[in-house]
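Observations on chain architecture
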Amino acid sequence: MKNKKTLVLGASTNPERYSYRAVNMLVAKGHSVIAIGQKAGEVAGVSIHAKIIPVKNIDTITLYLNPNRQREYYNFIVETKPKRVVFNPGTENPELYQLLESNGIEVEIACTLVLLATSQY
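A brief report on the enclosed structure follows. Worth saying up front: this structure is predicted, and the values here are computed from it rather than measured.

**Concerning the side chain of Arg-84**
Along the chain, Arg-84 turns up in strand β6 (residues 84-87). You can call Arg-84 buried: its relative accessible area is 6%. Beyond its immediate sequence surroundings of up to four residues, Arg-84 is in contact with Lys-4, Asp-59, Thr-60, Ile-61, Ile-105, Glu-106, Glu-108, Leu-115 and Tyr-121.

Structure follows, in structure tokens:
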């Protein structure tokens, strides 16, 4: 399996949140993880940053923010130049799809947890 450096945008320390599960599962599957969330913290040994940090060589950004909260990250996501952005359930955003695709970034509407569990990540 190839390590896909992943940015979890909307990460949480709350074990009931899907972003929390995603960080744990990504780490367990051997992927490098960077996490940005509303509050600083730590999940599975990964620090959650409460503000945007510079990141490089990101394969995938997996979103756990609703479309209204995504707007403040549009430029950051495009400037990060990931290969793809995964829109998890509840994050669907046609406006952002168009922006990403016009910048050569693949859009995937899926569930990161399912992709990982079925070896499709």
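Still to come is the rest of the account.
**Some words on the packing of aromatic side chains**
All told, the structure shown has one aromatic pair when counted by the stated rule. It is Arg-84 that lies over the ring of Tyr-121; its NZ or CZ is 4.6 Å from the centre.

**Examining the side chain of Thr-91**
Tracing the chain through its elements places Thr-91 in the loop between β6 and α4 (94-102). Overall, the relative accessible area of 3% leaves Thr-91 in the buried class. In this structure the side chain of Thr-91 is engaged in a polar contact, spanning 2.5 Å, whose partner is the backbone oxygen of Asn-88. When neighbours within four sequence positions are excluded, Thr-91 is seen to be in contact with Leu-63, Tyr-64, Leu-65, Pro-67 and Gln-70.

**Concerning the nonpolar core**
With 21 residues, the main nonpolar core has Leu-9, Ile-61, Leu-63, Ile-77, Val-85, Phe-87 and Leu-100 as its most contacted residues. If you tally residues by element for this core, the top one is helix α3 (residues 74-80), at four residues. Beyond its immediate sequence surroundings of up to four residues, Val-85 is in contact with Ile-61, Leu-63, Ile-77, Leu-100, Ile-105, Glu-106, Val-107 and Glu-108. Ranked by size, the runner-up nonpolar core spans 17 residues in total, among them Val-8, Val-23, Ile-48 and Val-86.

**Quick notes on α4**
What α4 keeps buried is the set Leu-96, Tyr-97 and Leu-100. With its buried residues spanning 105 degrees around the axis, α4 presents them on a single face. Relative to its buried face, α4 has exposed residues pointing more than 90 degrees away, namely Pro-94, Gln-98 and Ser-102. Those residues of α4 that are buried lie in contact with β5 (60-63), α2 (67-70), α3, β6 and β7 (106-109). Gly-104 sits one or two positions beyond α4 and adopts a positive phi of about 75 degrees.

Conventions adopted
- Here, residues in each chain are numbered from 1, in the same order as that chain's written sequence.
- Residue-level local features of this predicted model are given only where pLDDT is at least 70; pairs of side-chain atoms are given and counted only at 80 or more, and the full residue set underlies all totals for whole chains, interfaces and linings.
- To get the side-chain values, take all heavy atoms of the structure and skip hydrogens and water.
- Secondary structure counts use DSSP, requiring at least four H or I residues in a row for a helix and at least two E residues in a row for a strand, with both numbered from the N terminus.
- Partly exposed describes any residue whose relative accessible area lies between the buried limit of under 20% and the exposed limit of over 50%, with all areas from a 1.4 Å probe on protein chains only and scaled to the type maximum.
- Whether two residues are in contact is decided by their heavy atoms: any pair within 4.5 Å suffices.
- Only rings of Phe, Tyr and Trp enter the pairing, Trp through its six-membered ring, and a pair is recorded when the two centres are within 6.5 Å. The plane angle decides the type: under 30 degrees is stacked, over 60 is edge-to-face, the rest tilted.
- Definition used: whenever NZ (Lys) or CZ (Arg) falls within 6 Å of the ring centre and also within 35 degrees of the ring normal, the charge is taken to sit over that ring.
- The definition of a polar contact used here is a pair of N or O atoms within 3.5 Å, where within protein one atom must be able to donate a hydrogen and the other to accept one, and adjacent residues in sequence count solely through side-chain atom pairs.
- Nonpolar cores were defined as sets of buried Ala, Val, Leu, Ile, Met, Phe, Trp, Tyr and Cys residues, with membership established by side-chain atoms within 4.5 Å.
- This arc describes the spread of directions from the helix axis toward the C-beta atoms.

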